[in-house]
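Observations on the model geometry
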Amino acid sequence: MTSPVLSVKDLHVNFPSEAGSVSAVRGVDFDLYPGRTLGIVGESGSGKSVTSMSIMGLLPDYAKITGSVKFEGRELLGLSDKQMSEIRGNGIGMIFQDPLSALTPVFDIGSQLVEAIQAHRDVGKKQALKEATELLDLVGIPDPHLRLKSFPHEFSGGMRQRVVIAIAIANNPRVLIADEPTTALDVTIQAQILDVIKLAQRETGAATIMITHDMGVVAETADDVMVMYAGRPVERGDVDTIFSQPRMPYTVGLLGSTPRPDVSAEEPLTPIVGSPPVLVDLKQRCQFAPRCPVAQPACSEGEPPLSPLNDAPGHESACLRAPEIRDRKIGGDLMFKPPQLADDVMAGIPRDERPTTLEVTDLRKEFPLTKGALVKRRVGTVKAVDGLTFDIRKGECMAIVGESGCGKTTTLLEIMDLKPEHGAVVLNGKDAAGMSNSERRAARKDIQIVFQDPMSSLNPRLTVREVIAEPLNSLGFDGDVDARINELMGLVGLDSSQLDRFPSHFSGGQRQRIGLARALATNPSVLVLDEPVSALDVSIQAGVINLLEDLKRRLGLSYLFVAHDLSVVRHLSDRLAVMYKGQFVESGPTDEVFENPQADYTKKLLEAIPIPDPEAARRRRNPDPADTSPISRK
């Protein structure tokens with residue numbers, strides 16, 4: 001094998017804080033070879049992004065960095081910012097998570113591409129513009145010669161990410177670092193961006209580091225995988241070995257927490273209980289031991305090193321029990337057992353015999369398209385929602401999926417408003433159009449919403465007690481408010497002793513549970529879920545998905561669920577509607593739509609879903625002619 005283009009040895013990164021020194025990265029080692037992709041996975045706070053930023057020399061001056069980072073044999077640690085500027089964007093390119101913040105809003109795209117080219121090569125502006133046009137064409141932006149004059153805000157999220165990729169590969173870098181490049185993108189745009197990154201890698205011959213928490217993206221793109229936990233690698237090997245025979249309990253837990261789009265959801269997901277440790281004054285023990293279902297007393301006596309496995313060449317694990325783990329089991333028993341969900345109160349009752357909780361008929365919402373700065377005139381109409389008709393029965397989850405801009409969120413807002421401009425919204429048999437203001441206010445008890453971002457949806461100045469009490473007080477709860485709050489905390493799996501804390505003191509998953517408790521406070525019959533798990537780590541996401549399923553079974557709740565993650569949709573929803581340009585192009589039982597899609601757009605969506613299985617991903621790239629499953633063929 002050729003020599004590594006990037007070699008990281010014993011990398012440590014510490015940050016000062018009021019509580020003490022934060023050990024963000026602790027002993028990272030890896031070699032990156034030309035043409036190969038290393039996937040780095042783990043929960044938030046595991047040290048993935050700090051590792052990449054330390055390689056690029058982008059950490060603040062107060063960060064203490066030790067170890068070695070060698071690029072083509074040259075030591076990078078200790079170089080000045082000017083010296084690193086010669087390498088950034090030239091030898092090492094980086095694709096950042098948020099493309100809008102990575103681009104300068106006051107310069108057009110062409111100027112930023114030309115700057116990236118001329119910063120490292122002595123070429124004229126005419127030649128640089130020509131290369132910039134070719135780069136935009138390479139990453140799939142239509143009419144590249146015209147779009148050079150466009151500004152970042154004139155591009156969609158996916159188009160902006162393509163521009164960031166074009167800038168990253170402008171000088172044919174030897175190493176390409178992609179830090180969560182597809183997190184905020186629709187599934188179809190995500191698939192396109194991953195294809196562009198693969199194309200860029202082929203064109204430049206670059207070695208790639210793919211940093212992500214999406215196990216499906218890792219399975220689709222990586223050759224080798226490094227799993228990080230509490231700032232250090234805990235398992236490393238080739239992608240097939242890591243996914244088929246993980247030998248570290250944390251990796252087993254991550255894979256068990258990941259919903260699969262190609263398998264019908266018959267069992268609940270198996271979340272990892274607990275939270276990662278605070279990386280200050282860490283005890284000398286296996287850091288995963290408090291969350292590990294198979295931990296032994298020896299696990300608390302010292303931190304096991306990342307060691308090669310005798311029976312699996314090239315596979316390393318930082319677990320004392322790694323030799324015992326086979327097929328995600330120890331001694332024939334599953335390491336992580338799925339939780340027991342409540343009995344379904346609506347089990348055995350056919351759908352057509354269940355009461356209808358929400359009925360929507362011919363729902364429409366239009367926005368005027370105007371032109372002119374001083375005197376605005378109407379030049380057209382945008383049909384955001386164009387004639388939707390559907391119903392939801394008690395104890396049923398209906399999901400609406402589609403790309404950004406198709407009208408999903410507008411549909412939710414029109415329903416939540418209970419005052420549609422066109423069409424009918426009937427809640428528990430009552431037509432919203434005929435409601436008085438007081439009746440509409442009372443009806444809001446029966447329909448509540450859980451938002452995408454749990455932090456921005458909770459008032460940071462209110463305690464958890466006040467957050468949950470707010471709908472009870474404003475909508476007229478006549479019972480014991482404190483008793484109801486304690487009941488709700490238990491219902492969503494939180495300790496009532498935390499009621500006097502503020503939202504900022506909680507993790508993302510706990511904040512989403514608080515938002516769910518607030519939505520359940522008025523005992524609604526319908527919950528509207530707007531991307532409720534998209535901002536969460538995979539292990540925390542699994543716990544929230546299981547909670548939603550458990551509440552639906554126990555309380556007979558109806559869900560109207562909007563998401564762009566089709567893996568989550570398949571696991572949670574009973575019925576599915578696919579939306580395109582304000583209309584439903586296909587709807588029906590979820591499993592039927594996944595197994596036998598009829599609309600071309602639905603097939604396109606299903607083909608774009610990353611599957612957390614490298615073998616299945618390869619079958620999709622090289623399909624068997626006899627396999628007609630839309631998720632297996634592309």
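Predicted model, so just to flag it, every value in this text is computed and none were measured. (Residues numbered from 1 in each chain as written. Predicted model: local features only at pLDDT ≥ 70, side-chain atom pairs only at ≥ 80, totals over all residues. Heavy atoms only, no water.)

**Focus on the packing of helix H4 (residues 109-118) against helix H5 (residues 125-138)**
Orientation of H4 relative to H5, taken along the N-to-C sense of each, is 110°, at an axis distance of 9 Å. Between H4 and H5, the interaxial angle falls into the category roughly perpendicular. Along this stretch, H4 crosses H5, giving a crossing that reads as right-handed. The segment H4 lies against H5, with Ile109, Leu113, Val114, Ile117 and Gln118 engaging Lys125, Ala128, Leu129, Glu131, Ala132, Leu135 and Leu136. Among the residues forming the contact of H4 with H5, the class breakdown is nine nonpolar, one polar and two charged. (Axes fitted to C-alpha atoms, helices over the stretch in contact; angles between N-to-C directions. Helix = DSSP H or I, 4+ residues; strand = E, 2+ residues; numbered from the N terminus. Parallel < 35°, antiparallel > 145°, perpendicular 65-115°, else oblique. Left-handed = near helix turned anticlockwise from the far one by under 90°. Contact = heavy atoms within 4.5 Å. Nonpolar A, V, L, I, M, F, W, Y, C, P; charged D, E, K, R; others polar.)

**Points about the environment of Gly314**
Along the chain, the position of Gly314 falls in strand E12 (residues 312-317). For Gly314, a relative accessible area of 64% corresponds to the exposed category. In this structure the C-alpha to C-alpha distance between Gly314 and Gly237, which are 77 residues apart in sequence, comes to 5.9 Å. Ignoring any residue separated from it by four or fewer positions in sequence, one finds Gly314 in contact with Arg236 and Gly237. (Buried < 20%, exposed > 50% of the residue type's maximum accessible area, 1.4 Å probe, protein only.)

**Remarks on unusual backbone geometry**
For Asp327, which is not a glycine, the phi torsion comes out positive at approximately 55°. Assignment of secondary structure puts Asp327 in the loop between strand E13 (325-326) and strand E14 (329-330). Phi is positive for Lys581, which is not a glycine, with a value near 50°. Turning to its location among the elements, Lys581 is positioned in the loop between strand E24 (575-580) and strand E25 (583-589). Among the residues examined, Lys581 registers a relative accessible area of 60% and is labelled exposed.

**Things to note about the nonpolar core**
Formed by 54 residues in total, the largest nonpolar core has its most connected members in Leu516, Leu520 and Phe561. Broken down by element, this core gets its largest block of residues, six residues, from helix H17 (residues 538-555). When neighbours within four sequence positions are excluded, Leu516 is seen to be in contact with Val450, Val492, Leu527, Leu547, Leu548 and Leu551. With 36 residues, the next largest nonpolar core counts Val239, Cys286, Ile330 and Val538 among its residues. (Core = buried A, V, L, I, M, F, W, Y, C linked by side-chain atoms within 4.5 Å.)

**Here we look at helix H1 (residues 48-56)**
Burial runs high along H1: seven of the nine residues are buried. Just past H1, the residue Gly57 takes up positive phi, approximately 70°.

**A look at the sheet that holds E14**
Across the sheet, three strands lie side by side as E13-E14-E15; this open sheet has antiparallel pairing. Whereas interior strands pair on both sides, the edge strands pair on one side only; in this sheet they are E13 and strand E15 (333-334). Examined bridge by bridge, E13 and E14 share two bridges and lie antiparallel to one another. Paired with Arg326 across the two strands is Lys329, which belongs to E14. (Pairing = 2+ DSSP bridges.)

**Thoughts on the sheet that holds strand E22 (residues 526-530)**
In spatial order, the strands read E21-E22-E23-E18-E24-E25; together these six strands make up an open sheet with mixed pairing. Pairing within the sheet leaves two strands with one partner each, and these edge strands are strand E21 (447-450) and E25. Sheet twist, expressed as the average angle between the axes of neighbouring strands with direction ignored, equals 15°. When strand E18 (residues 397-401) meets E24, the two strands line up parallel, connected through four bridges.

**Here's the deal with empty space enclosed by the protein**
One pass over the full model with this rule turns up five cavities of 30 Å³ or more. Empty space within the largest cavity amounts to approximately 80 Å³. Surrounding the largest cavity, 13 residues form its lining, Pro249, Cys286, Cys292, Cys299 and Cys319 being those nearest its centre. Residues belonging to the lining of the largest cavity are distributed by class as follows: twelve nonpolar, no polar and one charged. Forming the walls of the second largest cavity are Arg26, Tyr229, Ala230, Arg232, Val234, Cys286, Gln287, Phe288, Glu303, Pro304 and Ala318. Counted by class, the lining of the second largest cavity contains seven nonpolar, one polar and three charged residues. (1 Å grid on protein atoms, 1.4 Å probe; cavity = no way out; pocket = protein on both sides within 12 Å on 5 of 7 lines; lining within 4 Å. Points joined across faces, edges and corners; volume = space filled by probe spheres on them.)

**Structural notes on the environment of Leu129**
With respect to the element layout, Leu129 can be found in helix H5. Taking relative accessible area as the criterion, Leu129 reaches 32% and is therefore assigned partly exposed. Taking C-alpha positions, Leu129 is 8.4 Å from Ser111, a pair spaced 18 residues apart along the chain. Among all residues touching Leu129, those that are not within four sequence positions of it are Val114 and Leu148.

**Re the pattern of salt bridges**
A side chain of one charge can pair with a side chain of the opposite charge when the charged atoms of the two come close. The final tally for this structure, using the stated rule, is 31 salt bridges. Put simply, Arg618 and Asp240 hold a salt bridge, and the shortest N to O gap is 2.6 Å. Of this pair, Arg618 sits in helix H21 (residues 614-621) while Asp240 sits in helix H10 (residues 239-244), and the two are 378 residues apart along the sequence. For Asp240, a relative accessible area of 31% puts it in the partly exposed group. Residue Glu487 pairs with Arg484 through a salt bridge whose shortest N-O separation is 3.3 Å. You can see Glu487 and its partner Arg484 sitting in helix H15 (residues 481-491), three residues apart, about one turn around the helix. Of the residues examined, Arg484 reaches a relative accessible area of 11% and is grouped as buried. Bridged by salt links that share partners, the residues Arg351, Asp391, Arg393 and Glu396 form one connected network. (Salt bridge = Lys/Arg side-chain N within 4 Å of Asp/Glu carboxyl O.)

**Regarding the layout of surface pockets**
Counted as a void, the second largest pocket has a volume near 760 Å³. Along its surface, the second largest pocket is lined by 29 residues, and Leu255, Gly256, Thr258, Arg260 and Arg328 are the ones closest to its centre. Per-class residue counts for the lining of the second largest pocket are 13 nonpolar, seven polar and nine charged.

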